[in-house]
Amino acid sequence: GQQVMQIPQYQHVQEGEDFTTYCNSSTTLSNIQWYKQRPGGHPVFLIQLVKSGEVKKQKRLTFQFGEAKKNSSLHITATQTTDVGTYFCAGRFNQGGKLIFGQGTELSVKP
Amino acid sequence: NAGVMQNPRHLVRRRGQEARLRCSPMKGHSHVYWYRQLPEEGLKFMVYLQKENIIDESGMPKERFSAEFPKEGPSILRIQQVVRGDSAAYFCASSPPEWGGRTEAFFGQGTRLTVV
């Protein structure tokens, strides 16, 4: 079936350290999106990647979409306590298709 | 422009009762998703709807669960004869038509269903 796999499940870092979460699909994705969910909250859209090899930056966050459009990553430089939450990738396998979420990576940041 | 509105925020039902969860999408959004989330787990896709049309219901359990998005009014996720295993957070999300190029999903606050 169509699945999006995300690792790691948990990541504990010291404030100031970097953080990366990875998503993989066995089949080509039409596009991939990233969301953040704070504890007790709801997912909030961060970014969408569409083109092969695309890289986008938002301040300390860097998002990449692989050349084959089968994998993606989110990298946070110099984490802060405000980065705490669960980061989800979500992919579409075809235009107009459903949005499938990865399992999420829960980030905790120790001050 | 109000965001995605879900109600109720919290719902307690006894085993065997029916649960009705409502979702009003953002203005101008014609597509609605329903997801289920168990504690410390990911978002499990349930159903994808357009007004008066079910696009994909491959994530819906075969029995007791149904969803609709009528021409007028909110989208409804209905769970009949609830069991304890139905306890979860149910999130609704809406998105604009894809022809606009923008396909991000805007989530509601969720409905926390507890079955006692």
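The peptide bond linking I7(A) to P8(A) adopts the cis configuration, its omega dihedral lying at -5°. For P8(A), the position within the fold is in the loop between strand 1 (4-7) and strand 2 (10-14). Across the junction of N7(B) and P8(B), the peptide omega takes the value 0°, indicating a cis bond. Note that P8(B) resides in the loop between strand 1 (5-7) and strand 2 (10-13). Even without being glycine, R64(B) reaches a positive phi, approximately 75°.

This part is about the pattern of salt bridges. For the coordinates displayed, the defined rule picks out six salt bridges over all chains. Two residues, D83(A) and R60(A), come together in a salt bridge whose shortest N-O distance is 2.9 Å. Remark: R60(A) occurs in the loop between strand 6 (55-58) and strand 7 (61-65) and D83(A) occurs in the loop between strand 8 (71-76) and strand 9 (85-92); sequence separation between them is 23 residues. Note on D83(A): relative accessible area 5%, which makes it buried. In this structure, the salt-bridge partner of E18(B) is R78(B), at a minimum N-O distance of 2.9 Å.

About the cut-offs
- Residues numbered from 1 in each chain as written.
- Chains lettered and ligands numbered in written order.
- Predicted model: local features only at pLDDT ≥ 70, side-chain atom pairs only at ≥ 80, totals over all residues.
- Heavy atoms only, no water.
- Helix = DSSP H or I, 4+ residues; strand = E, 2+ residues; numbered from the N terminus.
- Salt bridge = Lys/Arg side-chain N within 4 Å of Asp/Glu carboxyl O.
- Buried < 20%, exposed > 50% of the residue type's maximum accessible area, 1.4 Å probe, protein only.

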